[in-house]
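One-letter residues, chain by chain:
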Amino acid sequence: MTVHNLYIFDRNGTCLHYSEWNRKKQAGISKEEEFKLMYGMLFSIRSFVSKMSPLDMKDGFIAFQTSRYKLHYYETPTGIKLVMNTDLGVPNCRDILHQLYSTVYVEYIVKNPLCMLGETLQSELFSSRLDSFIRALPFFSVRAA
């Protein structure tokens, strides 16, 4: 089991941060185009789920999977969206993404007076703590299956 990559978007669809660990295949397009495609897909899936669900879904869209990977999604009340792609063996990561937001993003970005909210995250300390957090996950493996 492993983590492939992580996106952090703001409420307007701007990719604030991107990291990858065990991504085998590149998209073949620029990172900016990839970010737009990812955010557009998330927007569409959230809209589809909210319209088609037979129940009132307070949590909304949480995850989906293909035959190759699983996408985990967490949105904060302020509109920050965390998206993590993993392999299929990884269980639901909603709690992990919430923990990542509260212990890494809030501590090293929101509480940092040098970081401007809404701008690309360029804090080396944040990147380092994020990498340590992901590598410490029980399902993280350096070798992707």
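Residues numbered from 1 in each chain as written. Predicted model: local features only at pLDDT ≥ 70, side-chain atom pairs only at ≥ 80, totals over all residues. Heavy atoms only, no water.

- In the annotation of an unreviewed UniProt entry, the entry for the chain reads Trafficking protein particle complex subunit, and the organism field reads Pygocentrus nattereri.
- Per its UniProt entry, the chain bears the Sequence similarities (unreviewed entry) comment "Belongs to the TRAPP small subunits family. BET5 subfamily."
- Under Subunit (unreviewed entry), UniProt gives the following word-for-word description of the chain: "Part of the multisubunit transport protein particle (TRAPP) complex. The heterodimer TRAPPC6B-TRAPPC3 interacts with TRAPPC1 likely providing a core for TRAPP complex formation." (UniProt positions renumbered as here; feature names shortened; annotations may be inferred.)

**Some thoughts on the overall build of the chain**
In step 1: Broken down by element type, the chain carries 3 helices and 5 strands.
In step 2: In sequence order, the secondary structure elements of the chain are arranged as β-β-α-β-β-β-α-α.
In step 3: Relative to the 2.2 N^0.38 estimate, which gives 15 Å for 145 residues, the radius of gyration of the chain is 15 Å and therefore close to what a compact globule would have.
In step 4: For the C-alpha atoms alone, the extent of the chain along its principal axes is close to 45 × 35 × 30 Å.
In step 5: In the chain, which comprises 145 residues, the proportion classed as buried is 43%.
In step 6: If you take every contact in the chain between residues at least 6 apart in sequence, the share linking residues at least 24 apart comes to 50%.
In step 7: Averaging the positions of the 17 positive and the 14 negative side-chain charges in the chain gives two centres separated by 5 Å. (Helix = DSSP H or I, 4+ residues; strand = E, 2+ residues; numbered from the N terminus. Rg over C-alpha atoms; globule rule 2.2 N^0.38 Å. Buried < 20%, exposed > 50% of the residue type's maximum accessible area, 1.4 Å probe, protein only. Contact = heavy atoms within 4.5 Å. Lys, Arg positive; Asp, Glu negative; His and termini not counted. Charge placed at Lys NZ, Arg CZ, Asp CG, Glu CD.)

**A closer look at the side chain of Lys81**
In step 1: Looking at the element boundaries, Lys81 is found in strand E5 (residues 81-86).
In step 2: Separated by 2.9 Å, the side chain of Lys81 and the backbone oxygen of Gly79 make a polar contact. (Polar contact = N/O pair within 3.5 Å; in protein donor to acceptor, adjacent residues only side chain to side chain.)

**A few points about the sheet that holds strand E1 (residues 3-9)**
In step 1: Taken together, 5 strands build an open sheet; the order of strands is E2-E1-E5-E4-E3 and the sheet is antiparallel. One side of each edge strand has no neighbouring strand; the edge strands of this open sheet are strand E2 (15-20) and strand E3 (63-65). Strand-to-strand twist of the sheet, defined as the mean angle between neighbouring strand axes without regard to direction, takes the value 10°.
In step 2: When strand E4 (residues 70-75) meets E5, the two strands line up antiparallel, connected through 6 bridges. (Pairing = 2+ DSSP bridges. Axes fitted to C-alpha atoms, helices over the stretch in contact; angles between N-to-C directions.)

**Observations regarding the packing of aromatic side chains**
In step 1: For the structure on display, the rule yields 8 aromatic pairs.
In step 2: Between Tyr7 and Phe9, the aromatic rings sit 5.8 Å apart at their centres with planes inclined by 10°, giving stacked as the arrangement. With respect to class, Tyr7 is no different from Phe9; both count as buried.
In step 3: Taking the centre distance of 5.4 Å and the plane angle of 20° together, the rings of Tyr101 and Tyr105 count as stacked. Of the two residues, Tyr101 and Tyr105 both sit in helix H2 (residues 94-110), 4 residues apart, roughly one turn of that helix. There is no split in this pair, since Tyr101 and Tyr105 are both buried. (Phe/Tyr/Trp six-rings, centres within 6.5 Å; stacked < 30°, edge-to-face > 60°.)

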